[in-house]
Amino acid sequence: AKIASIFHRFSEALVDLDRAEALGMEQREVAAARAGIFQAMGRYDAALEVYQQAAEKQPNLDTLGKLASLKWEMGEIAAAERLFTEAQYRYRGVSPLPVAWLYFQQGHMWMGEGNLQRARELFEAAYSRFPAYAAAQGHLAEVYAALGDRSIAIALLLPLAQSSDDPDYASQLSQTLSEVNRVEEALHWRDIAAQRYDELMARHPEAFADHAADFWLGAGRNPQKALELAQKNLSVRQTRRAYRLLYQAAVASQDRAIAQEASAHLR
């Protein structure tokens, strides 16, 4: 179930969890795993009940952080912020990883809400506590680029693009380089990202449709391909982010009907 979930084969993962429960796996563990899948699919109400019960029984960084993340996806920003803050003060461990994860989730929320300064502070907090946290480094670069500090963004992205097989960093780097008119370098990283996204889509389409759509919508400059991938992504997960991505791709492709349909789910 975990492997299927990683690759966004959610229906398959839920079947596996049913089988695990039938074979005697502890019900609490099964419920927690199902809740994570329900959240990823956009079935927020089903996930909310499990997360709330867990946070009430054992309020700690993990349970409160997961509930905060869900509240954010449900559009309850004030409630999410309170939970993120409370989760910090519940932590009694010594590893920096849970704290870095919490700051990353909180930063992701504020980036999505357009508060880039707050997002930068939180991504920096995550990155400073765990400098090997590639996702935090990549999102910090994205925020710096959005704030106009593209030289810092490029310095953060270049080592990631060179060392990681995740094409997101090559995609971000290409977009940022093009914004400062470093055209040849931008095309180089664009080609690397395009090839890698095509490879991943051939092997794991459910897991990478959203990332590939982002790429073709931005650095890849192929809005029609982005729209096709955004539609595929929506068939797997009906989250607010999935509808937002579909809306952006439809607008870029000048498909008014799909844009109107997607926007109806974002109100």
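All values derive from a computational prediction rather than experimental measurement.

Visitor: Teacher, can you tell me more about unusual backbone geometry here?
Guide: The bulk of non-glycine residues show a negative phi, and the bulk of peptide bonds are trans. Positive phi outside glycine occurs at His-8, with the angle close to 60°. As for its placement among the helices and strands, His-8 is situated in the loop between α1 (2–6) and α2 (10–22). Despite not being glycine, Arg-221 has its phi angle at roughly 50°, a positive value. Within the secondary structure, Arg-221 is located in the loop between α13 (205–217) and α14 (223–236). A relative accessible area of 56% means that Arg-221 is categorised as exposed.

Visitor: Hey, could you run me through the packing of aromatic side chains in this one?
Guide: Remark: the centre distance and the inter-plane angle together describe each pair of aromatic rings, the angle taken between the planes. All told, the structure shown has 5 aromatic pairs when counted by the stated rule. Judged by centre distance (5.7 Å) and plane angle (45°), the ring pair of Phe-104 and Phe-123 falls under tilted. With Phe-104 in helix α7 (residues 97–112) and Phe-123 in helix α8 (residues 116–129), this residue pair connects regions lying 19 residues apart in the sequence. Aromatic side chains Phe-130 and Tyr-133 sit 6.3 Å apart centroid to centroid with 50° between the ring planes, which places their arrangement in the tilted category.

Visitor: Sorry, what's going on with the packing of helix α12 (residues 183–203) against α13 here?
Guide: Two quantities define a packed helix pair, namely the angle between the helix axes and the distance between the axes. The contact between α12 and α13 brings their axes to 8 Å, and the two run at 155°. For the element pair α12 / α13, the angle class is roughly antiparallel. The handedness of the crossing between α12 and α13 is left-handed. Listed contacts from α13 to Arg-190, Ala-193, Ala-194, Tyr-197, Asp-198, Leu-200, Met-201 and Arg-203 of α12 are Pro-205, Phe-208, Ala-209, His-211, Ala-212, Phe-215 and Trp-216. Here the contact of α12 with α13 is composed, by residue class, of 11 nonpolar, 1 polar and 3 charged.

Visitor: Is there a simple way to explain the nonpolar core in this structure?
Guide: Ile-37, Met-109, Phe-123, Leu-173, Phe-215, Trp-216 and Leu-246 are the most contacted members of the largest nonpolar core, which has 87 residues in total. Here this core takes 8 residues from α7, the largest share from any one element. Dropping the residues within four chain positions of it, Phe-123 is found in contact with Phe-104, Gly-107, His-108, Met-111, Ala-136, His-139, Leu-140 and Val-143.

Visitor: Honestly, helix α15 (residues 240–252) in this entry has me stumped. Any pointers?
Guide: Note: α-helices contain 3.6 residues per turn, so residues at a spacing of three or four share the same orientation. For α15, spanning 13 residues, the distance from its first C-alpha to its last is 18 Å, which sits close to the expected 18 Å at 1.5 Å a residue. Buried within α15 we find Ala-242, Tyr-243, Leu-245, Leu-246, Ala-249 and Ala-250. The arc enclosing the buried residues of α15, seen along the axis, measures out at 160°, which places them on a common side. As for α15, its buried residues are in contact with α13, α14 and α16 (256–263). Positive phi appears at Gln-254, one or two residues downstream of α15, with a value of about 60°.

Visitor: In this structure, what is going on with α2? I would like to understand it.
Guide: The terminal C-alpha atoms of α2, which comprises 13 residues, lie 18 Å apart, in line with the 18 Å expected from a rise of 1.5 Å per residue. What α2 keeps buried is the set Phe-10, Ala-13, Leu-14, Leu-17 and Ala-20. All buried residues of α2 lie within an arc of 115° about the axis, which places them on one face of the element. What points out from α2, more than 90 degrees from its buried face, is the exposed set Ser-11, Val-15, Arg-19 and Ala-22. The elements touched by buried residues of α2 are α1, α3 (27–41) and α14. Positive phi shows up at Gly-24, right after α2, with a value of about 110°.

Visitor: What's the story with the side chain of Glu-81 in this structure? I'm lost.
Guide: Structurally, Glu-81 is set in helix α6 (residues 77–89). The class of Glu-81 is buried, set by a relative accessible area of 18%. Aside from chain neighbours lying at most four places away, what touches Glu-81 is Gln-106, Met-109, Trp-110 and Arg-118.

Visitor: What is the right way to read the side chain of Gln-39 from this model?
Guide: Here Gln-39 is to be found in helix α3. Polar contacts involving the side chain of Gln-39 include one to the side chain of Glu-73, which spans 3.0 Å. With near-sequence residues (within four places) excluded, Gln-39 lies in contact with Tyr-44, Ala-47, Tyr-51, Ser-69, Leu-70, Glu-73 and Thr-239.

Rules used throughout
- Residues numbered from 1 in each chain as written.
- Predicted model: local features only at pLDDT ≥ 70, side-chain atom pairs only at ≥ 80, totals over all residues.
- Heavy atoms only, no water.
- Helix = DSSP H or I, 4+ residues; strand = E, 2+ residues; numbered from the N terminus.
- Buried < 20%, exposed > 50% of the residue type's maximum accessible area, 1.4 Å probe, protein only.
- Phe/Tyr/Trp six-rings, centres within 6.5 Å; stacked < 30°, edge-to-face > 60°.
- Axes fitted to C-alpha atoms, helices over the stretch in contact; angles between N-to-C directions.
- Parallel < 35°, antiparallel > 145°, perpendicular 65-115°, else oblique.
- Left-handed = near helix turned anticlockwise from the far one by under 90°.
- Contact = heavy atoms within 4.5 Å.
- Nonpolar A, V, L, I, M, F, W, Y, C, P; charged D, E, K, R; others polar.
- Core = buried A, V, L, I, M, F, W, Y, C linked by side-chain atoms within 4.5 Å.
- Expected span 1.5 Å × (residues − 1).
- Arc of directions from axis to C-beta.
- Polar contact = N/O pair within 3.5 Å; in protein donor to acceptor, adjacent residues only side chain to side chain.

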